[in-house]
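Structure assessment
Listed below, chain by chain, are the residues.
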Amino acid sequence: MMPLKAKITSLTDEHATLEFNDRQIITVPITSIEGQPKRGMEVGVVFAAFGSEDAGRQALARDLLNSLFST
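Report on the accompanying structure. Within any chain, residue numbers begin from 1 and follow the written order of that chain's sequence. In view of the model being predicted, local features appear only for residues whose pLDDT reaches at least 70, and side-chain atom pairs are presented and counted only at 80 or more, with totals across whole chains, interfaces and linings using the full set of residues. Calculation of side-chain values draws on the structure's entire complement of heavy atoms; hydrogens and water are dropped beforehand.

**Describing the overall build of the protein chain**
Here a strand is any run of E in DSSP of at least two residues, a helix any run of H or I of at least four, and the numbering for each starts at the N terminus. When helices and strands are counted, the protein chain shows 1 helix and 4 strands. When the helices and strands of the protein chain are listed from N to C terminus, the series reads β-β-β-β-α. The C-alpha extent of the protein chain, read off along each of the three principal axes, is 35 × 30 × 25 Å. Restricting the contact set of the protein chain to residue pairs at least 6 apart, pairs at least 24 apart contribute 46%. Note on areas: these come from Shrake-Rupley sampling with a 1.4 Å probe, and a residue is covered only by the protein chains present in the view. In the form shown here, the protein chain has an accessible surface area of approximately 5700 Å², with 55% of it arising from carbon and sulfur atoms. A residue counts as positive if it is Lys or Arg and as negative if it is Asp or Glu; His and the chain ends are not included. Charge positions come from single atoms, namely NZ of Lys, CZ of Arg, CG of Asp or CD of Glu. Across the protein chain, the centroid of the 7 positively charged side chains sits 7 Å from that of the 9 negatively charged ones. Should any heavy atoms of two residues lie within 4.5 Å, those residues are counted as being in contact.

**Thoughts on the environment of Ile8**
Mapped onto the elements, Ile8 comes out in strand S1 (residues 4–11). Three exposure classes are used, based on accessible area relative to the maximum for each residue type with a 1.4 Å probe and protein chains only: buried under 20%, partly exposed in between, and exposed over 50%. Residue class for Ile8 comes out buried when judged on its relative accessible area of 1%. Considering only alpha carbons, one finds Ile8 and Met41, 33 residues apart in sequence, at a separation of 5.5 Å. In this structure Ile8 touches Ala16, Thr17, Leu18, Ile33, Pro37, Lys38, Arg39, Gly40, Met41 and Val43, once residues within four positions along its chain are discounted.

**As for the pairing of strand S3 (residues 25–29)**
Where strand S2 (residues 15–20) lies against S3, 5 bridges are found, and the strand directions are antiparallel. Bridge pairing in S3 links Glu19 to Ile25. Two strands form a pair only when DSSP identifies at least two bridges running between them. Between S2 and S3, which pair antiparallel one after the other, the connecting turn spans 4 residues, and Arg23 there sits at a positive phi close to 75°.

**A closer look at the nonpolar core**
Note on terminology: a nonpolar core comprises buried Ala, Val, Leu, Ile, Met, Phe, Trp, Tyr and Cys residues joined through side-chain atoms within 4.5 Å. Counting 9 residues, the largest nonpolar core consists of Ala6, Ile8, Ala16, Leu18, Phe20, Val28, Ile33, Val43 and Val45. Within the residue set of this core, elements represented by two or more residues are S1, S2 and strand S4 (42–45). Here the element with the most residues in this core is S2; it accounts for 3 residues.

**Looking at the pairing of S2**
When a strand is regular, its side chains alternate between the sheet's two faces. Here S1 runs beside S2; their pairing, made up of 5 bridges, is antiparallel. Looking at the pairing, Ser10 lines up with Thr17 of S2. Between S1 and S2, which pair antiparallel one after the other, the connecting turn spans 3 residues.

**So, the sheet that holds S1**
Spatially, S3-S2-S1-S4 is the arrangement adopted by the 4 strands of the open sheet, whose pairing is antiparallel. The open sheet is flanked by S3 and S4, the only strands paired with a single partner. Mean inter-strand twist for the sheet, computed between neighbouring axes without regard to direction, equals 40°. Angles here are taken between N-to-C directions and fall from 0 to 180 degrees, while the axes themselves are lines fitted to C-alpha atoms, restricted in helices to the stretch in contact.

Below, the structure is given as C-alpha cells:
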C-alpha cells in the first residue's frame, strides 16, 4: 500500500482542504495531520480500515524509507 499524495490547498483554524493529483478534494480536521500543516505542503494520505491502523502506519513508514534511500 502506497500513500496517496495530496497538496494542502487551504487552511482554517480547524480544517485543511486537500487536493489529490486527480483533482479530487477532501476536507479533514487539522488534528488528523501530523506536523505543522501549511498551504501548498504535500502530504501523504493512508486510508486504513479500523483494526488495520498498524499495517497502514507500517506501509507509510516503508514508503518513506524507500523514498529516502532512493535519493
